[in-house]
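Commentary on secondary and tertiary structure
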Amino acid sequence: MAACRPLPLLSLLLLLLLLDDVAAARDEVSARSYVDGPGPGHYYNTSKNDTGVVKAALTGTYTFNNESNDAFYFKASAIDAAKRQVVKGIRYILEVEVTRTVCRKMEKPIDLASCDFQPNGVLYQTFFCHFEVWSIPWMKQMKTTDFFCKP
């Protein structure tokens, strides 16, 4: 009977070693998946040609036009930098150049794509803008949450 007692103790030790190995493997997988890419809340660079970035730049530009007292519309002439953050939707952080067009604000409704830029001269003007635009794709909403521009 004494020979049977060490077997449960040996089984218990083997089980503890096995559980320790499983826990270590789980921690390694968790750490690896965390390091492989940004998760929710992290900013990361995104392509300036991404359709979401282009729509966000257009949204920011519309906000700029609604807030400006200029007689002419402006439209994006370049997207210099684009970042994205996943937070209850997608938050775009953009650096955009907006340039005055030949279309007057009194001409409504307007499609900025059909407006040419002002030729070089007295009326030519470009602003460098920082836009923060929040997109909620499942609700088909996009709005500018913050922006500032400088000549």
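The following paragraphs examine the structure supplied in this document. It should be emphasised that the depicted structure is a prediction, and the values quoted were computed from it without experimental measurement.

Here is what the cut-offs are and how they apply
- Residues numbered from 1 in each chain as written.
- Predicted model: local features only at pLDDT ≥ 70, side-chain atom pairs only at ≥ 80, totals over all residues.
- Heavy atoms only, no water.
- Helix = DSSP H or I, 4+ residues; strand = E, 2+ residues; numbered from the N terminus.
- Buried < 20%, exposed > 50% of the residue type's maximum accessible area, 1.4 Å probe, protein only.
- Contact = heavy atoms within 4.5 Å.
- Areas by Shrake-Rupley, 256 points an atom, 1.4 Å probe, with all protein chains shown as cover.
- Core = buried A, V, L, I, M, F, W, Y, C linked by side-chain atoms within 4.5 Å.
- Disulfide = S-S within 2.5 Å.

This part covers the overall build of the chain. From N to C terminus, the chain includes two helices and five strands. If you list the helices and strands of the chain from N to C, you get α-β-α-β-β-β-β. Split into buried and exposed, the 151 residues of the chain put 30% on the buried side. Taking as baseline every contact in the chain between residues at least 6 positions apart, the subset at least 24 positions apart corresponds to 65%. Summed over all atoms, the accessible surface of the chain reaches about 10400 Å², with 61% contributed by carbon and sulfur.

Once that is clear, we can look at the environment of Asp50. Here Asp50 lies in the loop between strand E1 (43-45) and helix H2 (51-67). When residues no more than four places from it in sequence are discounted, the contact partners of Asp50 are Arg84 and Tyr92.

This part takes up the nonpolar core. Counting 16 residues, the largest nonpolar core has Phe64, Leu94, Val96, Val98 and Phe131 as its most contacted members. Where this core is concerned, the elements lending two or more residues are H2, strand E2 (72-86), strand E3 (90-104) and strand E4 (126-136). Beyond its immediate stretch of four places on either side in the chain, Val96 contacts Ala57, Ala76, Ala78, Ile79, Phe127, Phe128, Cys129 and Phe131.

Of note in the backbone geometry, Lys88 takes a positive phi value of approximately 45° without being a glycine. Look at Lys88 and you get exposed, because its relative accessible area is 73%. With a phi close to 55°, Lys140 is a non-glycine residue in the positive phi region. Positionally, Lys140 belongs in the loop between E4 and strand E5 (141-150). Its relative accessible area of 79% is what places Lys140 among the exposed residues.

Under the defined criterion, the tally for this structure stands at two disulfides. Disulfide partner of Cys103: Cys115, at an S-S distance of 2.1 Å. Taking the sign of the S-S torsion, -110° for the link of Cys103 and Cys115, the bridge is left-handed. Here Cys103, found in strand E3, pairs with Cys115, found in the loop between E3 and E4; they are 12 residues apart in sequence, far enough to count as distant. Neither Cys103 nor Cys115 differs from the other in exposure class; each is buried. For Cys129, the disulfide goes to Cys149, at an S-S distance of 2.1 Å. Measuring handedness by torsion sign, the sulfur bridge of Cys129 and Cys149 sits at about 115° and is right-handed. Highlighted residues: Cys129 in strand E4 and Cys149 in strand E5, separated in sequence by 20 residues. Residue class for Cys129 comes out buried when judged on its relative accessible area of 2%.

Looking at the secondary structure, you find Trp138 in the loop between E4 and E5. For Trp138, a relative accessible area of 62% gives the class exposed. For the pair Trp138 and Gly89, spaced 49 residues apart in the sequence, the C-alpha separation amounts to 8.4 Å.

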